[in-house]
Amino acid sequence: MIKIHAEHLITPMGSSPKKGNEMRKLFETFDTDIIIDKGKILDIKKHKSHDDYTIEAKLVTPALIDAHTHIPFYGKRAREFYLRARGKSYSEIFEQGGGIHNSVKMIRNASIDEIVKQNIDYLKIFKRNGICAIEGKSGYGLEKINELKQLKSITVLNEIQDIKIIPTFLGLHAIPLEENKNEYIKKVESWLEDIKKFTNTIDVFCDKGVFLPDDIKELFESAKNKGFKIRFHADEIENVGATKFAVKIGAVSADHLLKIGDEEIELLSNSNTIATLMPGTSFYLGEPFANARKLIDNGAAIALGSDFNPGSCPIFTPSFIMHLALRFLKMEPEEILTAYTLNSAYVLDIENGKIEPGYKCDIALWNTNEFLDIPYMFDQNFLKGIIINGKVTMY
Ligand code: NIG
Ligand code: FE
């Protein structure tokens with residue numbers, strides 16, 4: 001049994017996802033004891049006495065959940081950062097056979113051991129910053145054996161460290177240089193039975209120069225029939241109708257959404273497809289930010305993620321992502337906390353993201369009373385400790 005004395009506790013509570021104004025309604029209390037047993041919240045009550053098993057914290061929130069990363073990748077792409085800083089665009093580098101294709105070469109040449117070794121270091125930093133769970137994707141193999149290699153690396157990573165990685169199959173991340181698009185899509189469809197042994201979620205880079213809604217319609221309907229949940233990289237580079245298709249097919253999330261308009265905002269607001277936003281990518285690529293304000297004001301649900309990957313967002317520190325969300329997505333602090341906890345948990349289908357009696361919860365303990373300090377002084381690490389699956393780590 002663990003007892004936390006929280007000077008200040010803030011958490012979303014109740015049903016998920018939280019949509020629109022509901023994202024701002026948090027449960028907040030002061031001078032409170034939180035009792036946890038086997039990773040489950042037993043009770044939340046007025047603080048009475050200090051005893052030997054009390055952990056002291058200025059601020060307690062649910063541990064954070066990053067709803068969209070490209071872990072595990074192999075190698076890095078610093079040269080592309082340099083080229084972009086000197087004027088080349090992300091799309092130009094990709095069209096010339098670089099970008100994602102560079103990561104594909106590196107994954108194909110790496111062993112599971114090598115992939116695990118590189119990515120475990122990132123996971124330690126995620127945890128040190130208050131994150132208990134992330135999404136991870138394949139998508140740098142682009143052939144069956146190497147897509148499976150990435151998914152197997154996730155299995156190994158889940159066995160040897162604390163952060164839970166929820167895997168997604170992103171075989172449709174790019175058209176492999178050696179393949180024709182339609183033939184590749186057919187191949188991907190034939191892999192689904194084997195992929196299903198590792199994940200029940202499928203994603204696609206549905207955008208200009210990659211896969212268009214018409215290309216993937218059949219495959220996605222077949223994946224849906226096989227029980228896959230659907231996610232989308234939607235309308236990041238250009239509006240190609242990806243968001244519309246994502247809502248129509250009942251995707252759990254439509255991600256990025258940099259180029260959507262009012263019609264898509266309306267569709268998302270009237271659906272249970274979560275608008276998953278990654279302001280780190282807009283910042284890093286110098287692209288516009290998604291219209292989070294209009295999405296929330298119209299009633300949509302937002303989740304936040306880093307999009308951590310070696311090409312379009314080598315950033316994953318949540319305090320910095322929160323800084324960008326507050327400043328450029330115009331999100332309120334309460335909305336940011338809900339998006340980084342309960343709504344992200346909904347996207348990943350895990351029972352986390354709220355501190356509520358009877359529920360499983362991973363918890364972050366912070367060294368400041370004010371949640372707003374975290375996005376404000378984003379390069380300070382305010383994390384004091386984290387409880388994942390009942391295991392306490394204090395820093
Ligand atoms: O989410 N948009 C497509 N995929 C990634 C980028 C991957 C890469 O460049 O390696 C993204 O931005
Ligand atoms: Fe992504």
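Calculation rules
- Residues numbered from 1 in each chain as written.
- Chains lettered and ligands numbered in written order.
- Predicted model: local features only at pLDDT ≥ 70, side-chain atom pairs only at ≥ 80, totals over all residues.
- Pairing = 2+ DSSP bridges.
- Helix = DSSP H or I, 4+ residues; strand = E, 2+ residues; numbered from the N terminus.
- Axes fitted to C-alpha atoms, helices over the stretch in contact; angles between N-to-C directions.
- Contact = placed C-beta atoms within 7 Å.
- Parallel < 35°, antiparallel > 145°, perpendicular 65-115°, else oblique.
- Nonpolar A, V, L, I, M, F, W, Y, C, P; charged D, E, K, R; others polar.
- Left-handed = near helix turned anticlockwise from the far one by under 90°.
- UniProt positions renumbered as here; feature names shortened; annotations may be inferred.

### Some points on the sheet that holds strand 5 (residues 64-66)
- Taken in spatial order, the 8 strands line up as 5-6-7-8-9-10-11-12 in an open sheet, and their pairing is parallel. With one partner strand each, in any of the chains shown, strand 5 and strand 12 (302-304) form the two edges of the open sheet. Averaged over neighbouring strand pairs, the angle between their axes works out to 25° when direction is ignored.
- The pairing of strand 5 with strand 6 (residues 131-137) spans 3 bridges and is parallel. The residue of strand 6 that forms the bridge with L64 is I131.
- Contacting strand 6 and strand 7 (164-172), helix 5 (residues 144-160) runs over the sheet at an angle of about 175° to strand 7.

### Things to note about unusual backbone geometry
- Residue P17 follows S16 across a cis peptide bond; omega there is 0°.
- Residue D31 is not a glycine yet carries a positive backbone phi of 55°.
- Along the chain, D31 falls in strand 2 (residues 27-37).
- Of note, D349 is a non-glycine position whose phi angle comes to about 60°, a positive value.

### Description of the packing of helix 6 (residues 181-195) against helix 7 (residues 213-225)
- Interhelical geometry of helix 6 versus helix 7 gives an angle of 5° and a closest axis separation of 10 Å. It follows that helix 6 is roughly parallel to helix 7 by the angle criterion. Residues K181, I185, V188, E189 and L192 of helix 6 lie in contact with helix 7, whose contacting residues are D215, I216, L219, S222 and A223.
- Looking at the contact of helix 6 with helix 7, its residues break down into 6 nonpolar, 1 polar and 3 charged.

### Brief notes about the packing of helix 4 (residues 112-128) against helix 5
- Where helix 4 contacts helix 5, the two axes come as close as 9 Å, and the packing angle between them is 55°. When the axes of helix 4 and helix 5 are compared, the pair comes out oblique. Crossing geometry of helix 4 relative to helix 5 is assigned as right-handed. Across the interface between the two elements, I112, I115, V116, N119, I120 and L123 of helix 4 pack against K149, K152, S153, V156 and L157 of helix 5.
- Looking at the contact of helix 4 with helix 5, its residues break down into 7 nonpolar, 2 polar and 2 charged.

### Examining the UniProt feature "domain: Amidohydrolase-related" (unreviewed entry) in the protein
- In the UniProt entry, the feature "domain: Amidohydrolase-related" (unreviewed entry) is given for residues 213-392.
- Secondary structure across residues 213-392 divides into 39% helix and 16% strand, with the first and last C-alpha atoms of the span separated by 45 Å.

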